[in-house]
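# Summary of structural features
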Amino acid sequence: MELDDLKGLINQKLIEGSLDKTEHNFANLLKGKANSVVSKIKKSLWFEIACSFLVVLLFLGIAFSSSYHSLKIYFGLFGAVFIPFTYILFYLLKKVNEFEHSVLPIKGNLQQLIKMLEDFTRRYFQFNMALLPICFLLAFYLGLNEKEPVAILDNLSIKLKVTKSLYIGFIIGYSIALIVSLVYFTKWYIRKLYGKYIEQLKSLLAELKEE
Amino acid sequence: MQAADKTFIQLLNQHQKIIHKVCNLYLNWQEDKEDLFQEITLQAWKAYGQFRGDAKFSTWLYRVALNTAITFFRKDKKKDFIESVADLPENIDFAERDSIEEKTQAMYKAIASLSKIDKAIVMLYLEDYSYAEISEIIGITANNIAVKMNRIKVKLREATLKNFERI
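These remarks concern the structure in this document. Counting starts from 1 at the beginning of each chain's written sequence and moves along it residue by residue. The order in which chains are written sets their letters, starting at A; the order in which ligands are written sets their numbers, starting at 1. In view of the model being predicted, local features appear only for residues whose pLDDT reaches at least 70, and side-chain atom pairs are presented and counted only at 80 or more, with totals across whole chains, interfaces and linings using the full set of residues. Values shown for side chains rest on all heavy atoms present in the structure; no hydrogens or waters enter the calculation.

Turning next to the overall build of chain B. For chain B, the count of helices and strands is eight helices and zero strands. We count a stretch as a helix when DSSP gives it H or I for four or more residues in a row; a strand needs E for two or more, and each element gets its number in order from the N terminus. For chain B, the sequential pattern of α-helices and β-strands runs α-α-α-α-α-α-α-α. Here chain B, with 167 residues, has 55% of them falling under the buried criterion. It only takes one pair of heavy atoms within 4.5 Å for two residues to be counted as in contact. Summarising the internal contacts of chain B: among those between residues at least 6 apart in sequence, 67% fall at separations of at least 24. In short, Shrake-Rupley with a 1.4 Å probe defines the accessible areas, and a residue's cover is counted only from the protein chains shown. A total of about 7,600 Å² of accessible surface is found on chain B, and carbon and sulfur atoms cover 49% of it. Accessibility here uses a 1.4 Å probe with only protein chains present; expressed as a share of the type maximum, an area under 20% marks a residue as buried, one over 50% as exposed, and anything in between as partly exposed.

Structure follows, in structure tokens:
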């Protein structure tokens, strides 16, 4: 029972039950939306570009309009950091578009797709992690050096009836717990989105190693 | 509709068997096959601008279709690819006890149990592509394709015999 003996019959079986599509059917199919992982990445990138634009506008708006010196620096810096991030997102989008319009051999296609997904997830993680120290350390530094007292925060320590050092200790502990949670959450989230898919693609690529 | 669109649709219409074959080989459920068919059509449309005509349209379409099918994953495990011999294609009729038909069914089951990459190689082999042509589509050397094809043939022979005994 050899494959060569049954070539014709297997070929026949492969098209059994398939209904022929008309040119009209094909024209309609072209109006549909793609659901590939590349399309999903494109949607994610467009969503993040839109969010980044809004963040830049909003944060710079706060920076220029706030009367607090600390808020000006905090939101101004965040707004500025998002500008290169938006550029990186556009660069990734350009790469994804180029990939989408090319037809590579299967091995090359897998290599490109894995590289693109790994670049995307790596940048996403790096950017999120880069924001954490800015977010927490800068907030502490600016908060402690704020010339004008922030009434809500000052009243909070009085209401809780704790000493200032205990209060600071609590905030530091809370921040560390939050940072660690955010690191693990971001890792989990990225893995949930693309991790398993990347592993599957890598195992396919491993099959194509030259022997 | 522009002239390029019309030409593309006509070409796709003439070569649609390729897409049907890839969908039937890689997926089990009709609904999923329809999704993959659309995905391949859209992917081919997006890449059509790069089609220079230096290769045959059928070869180019095989490359697009196989790339799309290989990287197409379903979240729902129950609806995933034909991964085991228990997942039989819908069009197999076991009532008919014809020897050739049974052999074909057993071989078809064996092919369905192959990995995605091996399926792609078998599909191109069934279309009588040479090892050199298959190597261009897959992206590995012709020698490597020959080695892989020999192993696949052995695997298929063993699996087909097992499947045939069960029928």
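Here the narrative resumes, following the displayed structure.
It is the contact of helix 1 (residues 7–15) of chain A with helix 2 (residues 16–26) of chain B, at a shortest axis distance of 8 Å, that shows an interaxial angle of 90 degrees. Between helix 1 of chain A and helix 2 of chain B, the angle falls in the class roughly perpendicular. Between helix 1 of chain A, through A:Asn11, A:Leu14 and A:Ile15, and helix 2 of chain B, the contact on the second element is made entirely by B:Lys17, B:His20, B:Lys21, B:Asn24 and B:Leu25. When residues are grouped by polarity, Ala, Val, Leu, Ile, Met, Phe, Trp, Tyr, Cys and Pro land in nonpolar, Asp, Glu, Lys and Arg in charged, and all others, Gly among them, in polar. Of the residues belonging to the contact of helix 1 of chain A with helix 2 of chain B, the class tally is three nonpolar, three polar and two charged. Note on method: axes are straight lines fitted to C-alpha atoms, helices fitted across the in-contact stretch only, with angles between N-to-C directions ranging 0 to 180 degrees. Angle categories are assigned with fixed cut-offs, so that under 35 degrees is roughly parallel, over 145 is roughly antiparallel, 65 to 115 is roughly perpendicular, and the rest are oblique.

Residue and element names in this part refer to chain A. Its place among the elements puts Lys209 in the segment after helix 7 (164–207). With relative accessibility at 58%, the residue Lys209 sits in the exposed group. Note: C-alpha distance between Lys209 and Lys107 (102 residues apart in sequence) is 9.1 Å.

What follows covers the nonpolar core. Within the largest apolar cluster, 97 residues are counted, with the highest numbers of intra-cluster contacts made by B:Trp60, B:Leu66 and B:Ile138. Looking at this core, the element that brings in the most residues is helix 5 (residues 106–145) of chain A, giving eleven residues. Each of domain 1 (1–81) and domain 2 (85–167) of chain B accounts for three or more of the residues forming this core. Throughout this description, the term nonpolar core refers to a set of buried Ala, Val, Leu, Ile, Met, Phe, Trp, Tyr and Cys residues connected via side-chain atoms within 4.5 Å. By convention here, the domain bounds are inherited from an automatic or database domain assignment.

Only the six-membered ring of Trp is used, alongside the rings of Phe and Tyr, when aromatic pairs are assigned; centres must lie within 6.5 Å, and planes under 30 degrees apart are stacked while those over 60 apart are edge-to-face, with the rest tilted. The tally for this structure, following the rule as stated, stands at 23 aromatic pairs over all chains. For the ring pair A:Phe85 and A:Phe127, a centre distance of 3.5 Å and an interplane angle of 10 degrees mean the geometry is stacked. Note that A:Phe85 is positioned in helix 4 (residues 69–100) and A:Phe127 in helix 5, a separation of 42 residues in sequence. On the accessibility criterion, A:Phe127 (13% relative accessible area) is buried. By the ring-pair criterion, three or more aromatic residues cluster together here, those being B:Phe8, B:Trp45, B:Tyr48, B:Phe51, B:Phe57 and B:Trp60. Ring-over charges, as used throughout, are those where CZ of Arg or NZ of Lys falls within 6 Å of the ring centre and within 35 degrees of the ring normal. Taking NZ or CZ as reference, A:Lys7 lies 4.4 Å from the ring centre of B:Tyr125, over its face. Here B:Lys119 stacks its cationic end above the ring of B:Tyr26, 5.5 Å away from the centre of that ring.

With that out of the way, let us pick up helix 3 (residues 30–47) of chain B. In a helix, the anticipated span is given by 1.5 Å times the number of residues less one. Compared with the 26 Å implied by 1.5 Å per residue over 18 residues, the 26 Å span of helix 3 of chain B between its first and last C-alpha is a close match. Those residues of helix 3 of chain B that are buried lie in contact with helix 2 (23–29) and helix 4 of chain A together with helix 1 (3–14), helix 2 and helix 4 (57–70) of chain B.

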